[in-house]
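Residues per chain, in single letters:
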2 protein chains.
Amino acid sequence: MHLSEEGDGADRLRLALFDAGLLLPTGVRGVYGRAGAFEDVVVAFDRLVDRLNKPLRTDVLRFPPMFPRAEYTCMSHVHNFPDLMGSVHSFTGGEREHRELVRKLQDGEDWTTELSPTEVMLLPATCYPLYPTARGDLPAGGRMVDLQSWVFRHEPSDDPTRLQAFRMHELVCLGTPEQALAHRDHWIEAGLELLRSLDLPVEAVVANDPFFGRGGRLSKATQREQALKYELVVPVTSAGKPTAVASSNLHLDAFSKTFEIRTDGGEPAHTSCVGFGLERVAMALFATHGLRPAAWPTAVRTRLDLD
Amino acid sequence: MHLSEEGDGADRLRLALFDAGLLLPTGVRGVYGRAGAFEDVVVAFDRLVDRLNKPLRTDVLRFPPMFPRAEYTCMSHVHNFPDLMGSVHSFTGGEREHRELVRKLQDGEDWTTELSPTEVMLLPATCYPLYPTARGDLPAGGRMVDLQSWVFRHEPSDDPTRLQAFRMHELVCLGTPEQALAHRDHWIEAGLELLRSLDLPVEAVVANDPFFGRGGRLSKATQREQALKYELVVPVTSAGKPTAVASSNLHLDAFSKTFEIRTDGGEPAHTSCVGFGLERVAMALFATHGLRPAAWPTAVRTRLDLD
């Protein structure tokens, strides 16, 4: 694939991935099936992140793609990114209400008026369900947690790097301000090194932290000044506007205040995380090295253990 | 763990899994975090199923935990199991509606009245998103597809084997009536063999196919007569009422009629599937061999490649 400034690189990449049978359209923008050859790359990179994390003696936690509504509403997501949320609703009525639901469906009316909100929301970020489970005092030295999950963001788009459903592999540090900052900084370098080992032309740039949006406590300008968020960017759909395939974020005490997470000294903890967007990394590899993994540079195949 | 007929085995297993740190409560029944030691077992069994499928030259497809609402409403799930569905809603209003949403949230009112249905529903079964993508003529010899995904079923329960969110690994056959039947029958035996190789006391029993429910075309009695669905059951929470950890189902032409899937001869295809409930298999292993995988029989550990 050639990346150029001409035409719409996002359209070209999406159609190339469909044509190569790597992604399957479903009729909904940003919701695609992954073919085996695409998934193999996702799994291979995921495994690499696992291997980096193992020696750090992290807790491994895997959450389903949803978490309690009661925790979601304590977070600022509903204030800052309501348009991205996924609220899960179901049917709790009786026979009569069900007949009405089916009638509405058959008559082309909005049948979802018969539904009620369930106890869960889709995950807007992989690390969200961790914080409510981490209430209380941390061990001395803090805590590292390895998480991977499906994330939902309601932003229908034809840009294949802007999926509605995708997986994030995160490594979260909960600890003192110094520990959280050191983790964030460590992963800027470690992330660059990891992605460069796959021959990806990656750079680190300062960005806005999505955890503090329009209703958040910190303005975008303040965030940039404090450099809370770094993104690791690679040209995927455009040489001029590279795509964030990972980010390393310092949350300060935003999560630990809400969920009363304290250091072993009883102070409000700080948290930070690095997150790799697994589908975005896979797309960066396809865009950089071509649509046939069998033809990728040997060093890249070896690093990914694809042989 | 000892299984007995006394007391509530489901409560005992849930609390034992929490106490051992294998599952993490979140405050919502049936929505739990998986610790690394639990997840290792899920991944190990998942890999075993992968290995069985590879020689069958299947297409591998991985779908996100959601699929198009437009396809969902073509299926009988909305008629048969409305109470299990997960409909995804989001916020599409402007600033004013958002202020109203936030006000309702702060005042303890139902803020979800401000949301609208999105284009997607959560997956009620791993194979559902396959059929709409399989429209048209099958190759001679039919087609085998390997799928694994998160499934949502809204049935809040304290029984840990009845999760709201869990993973299914399925192998689907699309082909002639003979091919579909042979696939279904093959997997009763192959499934028994696989689970017995893990020292699980498994049996095959005839059951009702969830694809034909109260509004479906086939009564439960007819299904039993035709023996469309077999479940592989293992005692997990009760010695007397074993739990289905896998099932092997013949759908006849239920899906292929809806989605116009034809054999290479142009006839309506038949489909069948085997599905392994990954969390249920893991729980069967914990219930049978104990809560510490390090202490499991060597043959089981070796078979799962846990060493």
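The rules we used
Residues numbered from 1 in each chain as written. Chains lettered and ligands numbered in written order. Predicted model: local features only at pLDDT ≥ 70, side-chain atom pairs only at ≥ 80, totals over all residues. Heavy atoms only, no water. Helix = DSSP H or I, 4+ residues; strand = E, 2+ residues; numbered from the N terminus. Rg over C-alpha atoms; globule rule 2.2 N^0.38 Å. Buried < 20%, exposed > 50% of the residue type's maximum accessible area, 1.4 Å probe, protein only. Contact = heavy atoms within 4.5 Å. Areas by Shrake-Rupley, 256 points an atom, 1.4 Å probe, with all protein chains shown as cover. Least-squares fit on C-alpha atoms with pLDDT ≥ 70 in both. Salt bridge = Lys/Arg side-chain N within 4 Å of Asp/Glu carboxyl O. Pairing = 2+ DSSP bridges. Axes fitted to C-alpha atoms, helices over the stretch in contact; angles between N-to-C directions. Polar contact = N/O pair within 3.5 Å; in protein donor to acceptor, adjacent residues only side chain to side chain. Buried area = accessible area lost by both parts, 1.4 Å probe. Nonpolar A, V, L, I, M, F, W, Y, C, P; charged D, E, K, R; others polar. Phe/Tyr/Trp six-rings, centres within 6.5 Å; stacked < 30°, edge-to-face > 60°. Expected span 1.5 Å × (residues − 1).

S.K.: Looking at this structure, how should I read the overall build of chain A?
M.R.: Helix and strand counts for chain A stand at eleven helices and 14 strands. Whereas a compact globule of 307 residues would reach a radius of gyration of roughly 19 Å, chain A reaches 21 Å, a difference of no more than 12%. Principal axes of the C-alpha set define a box for chain A whose edges measure 65 × 55 × 40 Å. Split into buried and exposed, the 307 residues of chain A put 58% on the buried side. For chain A, long-range pairs separated by at least 24 residues make up 70% of all intrachain contacts whose partners lie at least 6 apart in sequence. Working note: accessible area of chain A is about 12200 Å², and carbon and sulfur atoms make up 49% of it.

S.K.: Before we go on, may I ask you to explain the relation of the copies chain B and chain A in this structure?
M.R.: For the pair of chain copies, the relating operation is a rotation around an axis with a shift along it. Between chain B and chain A, which share one sequence, the superposing operator has a rotation angle of 180° and an axial displacement of 0.0 Å; the RMSD is 0.0 Å. Classification of the inter-copy transformation places it as that of a two-fold axis. Within chain B, the C-alpha atom positioned nearest to the axis of rotation is that of B:Val88, 2.4 Å from it. Most of the interface of chain B is mirrored in chain A: 100% of its interface residues are interface residues there too.

S.K.: Even after reading the chapter, I still don't get the pattern of salt bridges, so can you show me in this structure?
M.R.: When the charged atoms of two side chains lie near each other, side chains of opposite charge can form a pair. Residue and element names in this part refer to chain A. Tallied over the entire structure, the rule returns 36 salt bridges over all chains. With a closest N to O distance of 3.1 Å, Asp-305 and Arg-51 form a salt bridge. Of the two residues, Asp-305 sits in the segment after α11 (298–303) while Arg-51 sits in helix α2 (residues 36–53), which places them 254 residues apart along the sequence. You can call Asp-305 partly exposed: its relative accessible area is 42%.

S.K.: Would you take a moment to explain the sheet that holds strand β2 (residues 33–35) of chain A for this structure?
M.R.: Reading across the sheet, the nine strands line up as β1(A)-β2(A)-β3(B)-β8(B)-β9(B)-β14(B)-β12(B)-β11(B)-β10(B) and stay open at both edges, with mixed pairing between neighbours. Each end of this open sheet is capped by a strand with a single partner; those strands are β1 (23–24) of chain A together with β10 (203–207) of chain B. Where strand β9 (residues 165–175) of chain B lies against strand β14 (residues 270–277) of chain B, eight bridges are found, and the strand directions are antiparallel. Bridge assignment links B:Val172 to a residue of β14(B), and that residue is B:Cys273. Along the sheet, helix α7 (residues 177–196) of chain B contacts β8 (143–152), β9, β10, β11 (229–234), β12 (243–252) and β14 of chain B; its crossing angle with β14(B), the most-contacted strand, is approximately 15°.

S.K.: Sorry, what's going on with the side chain of A:Arg62 here?
M.R.: Within the element layout of this structure, A:Arg62 appears in strand β3 (residues 59–62). Among the polar contacts made by the side chain of A:Arg62, one reaches the side chain of A:Asp146 at a distance of 2.9 Å.

S.K.: What is the right way to look at the interface of chain B and chain A in this model?
M.R.: Accessible area lost during the coming together of the parts is what is often quoted as the interface size. Between chain B and chain A, the contact holds 60 residues from the first and 60 residues from the second. Taken over both partners, the interface formed by chain B and chain A buries close to 4800 Å², and the fraction arising from carbon and sulfur atoms is 72%. Interface area lost by chain B to chain A is led by B:Arg62, B:His89 and B:Trp111, which between them contribute 10%. Joining chain B to chain A, the criterion identifies zero salt bridges. Summed over the shared surface of chain B and chain A, the number is 16 residue pairs in polar contact (both at pLDDT 80 or more). Among the residues forming the side of chain B that touches chain A, the class breakdown is 33 nonpolar, 17 polar and ten charged. Relative to strand β2 (residues 33–35) of chain B, β3(A) is paired through two bridges, and the arrangement is antiparallel. Bridging across to β2(B), A:Leu61 finds its partner in B:Ala35.

S.K.: Just checking my understanding: could you explain unusual backbone geometry for this structure?
M.R.: In terms of backbone geometry, most residues other than glycine have negative phi values and most peptide bonds are trans. At A:Asp199, a position not held by glycine, the phi torsion is positive, near 60°. Along the chain, A:Asp199 falls in the loop between α7 (177–196) and β10 (203–207). Although it is not a glycine, B:Leu252 sits at a positive phi angle of roughly 50°. Following the sequence through the fold, B:Leu252 ends up in strand β12. By relative accessible area, B:Leu252 is classed as partly exposed at 22%.

S.K.: What am I meant to see in the packing of aromatic side chains here?
M.R.: Aromatic rings considered in pairs are described by the distance between their centres and by the relative angle of their planes. By the definition in use, this model includes 18 aromatic pairs over all chains. Pairing A:Phe38 with A:Phe286 gives two aromatic rings, centres 5.6 Å apart and planes at 15°, and the pair type is stacked. With A:Phe38 in helix α2 and A:Phe286 in helix α10 (residues 278–289), this pair connects stretches of sequence that are 248 residues apart. As far as burial versus exposure is concerned, A:Phe38 and A:Phe286 are alike and both buried. Between B:Tyr131 and B:Phe255, the aromatic rings sit 4.2 Å apart at their centres with planes inclined by 5°, giving stacked as the arrangement. Linking B:Tyr131 in helix α6 (residues 130–133) with B:Phe255 in helix α9 (residues 254–259), this pair joins segments that are 124 residues apart in sequence. One exposure class covers both B:Tyr131 and B:Phe255, and it is buried. Through successive ring pairs, a cluster of aromatic residues spans A:Phe67, A:Tyr72, A:Tyr128, A:Tyr131 and A:Phe255.

S.K.: When you look at the sheet that holds strand β4 (residues 66–68) of chain B in this model, what are you seeing that I'm missing?
M.R.: Overall, antiparallel pairing links the six strands, which are arranged β4(A)-β6(A)-β5(A)-β5(B)-β6(B)-β4(B) in an open sheet. Each having just a single partner strand, β4 (66–68) of chain A together with β4 of chain B make up the two edges of the open sheet. Each strand axis lies, on average, 50° off the axis of its neighbour in the sheet, ignoring direction. Pairing of β4(B) with strand β6 (residues 116–122) of chain B, which is carried by three bridges, proceeds in the antiparallel orientation. Along β6(B), the bridge assignment pairs B:Pro68 with B:Val120.

S.K.: Could you clarify how one ought to interpret the pairing of strand β5 (residues 87–90) of chain B in this entry?
M.R.: One face of the sheet, then the other: side chains in a regular strand alternate in exactly this way. All names here are of chain B. Burial along β5 is two-sided: Ser-87 and His-89 facing one way and Val-88 and Ser-90 facing the other are all buried. Examined bridge by bridge, β5 and β6 share three bridges and lie antiparallel to one another. Bridging across to β6, Ser-87 finds its partner in Met-121.

S.K.: Which parts of the structure should I look at to understand α10(A)?
M.R.: Because an α-helix packs 3.6 residues into every turn, residues spaced three or four apart end up facing the same way. Residues and elements named next belong to chain A. Helix length check: α10, at twelve residues, gives a terminal C-alpha distance of 16 Å against a target of 16 Å (1.5 Å per residue), a fit within 8%. Across the twelve residues of α10, ten count as buried, placing the element largely inside the fold. For α10, the set of buried residues is Leu-278, Glu-279, Val-281, Ala-282, Met-283, Ala-284, Leu-285, Phe-286, Ala-287 and His-289. Taken from the residues just after α10, Gly-290 is the one with a positive phi, measuring 105°.

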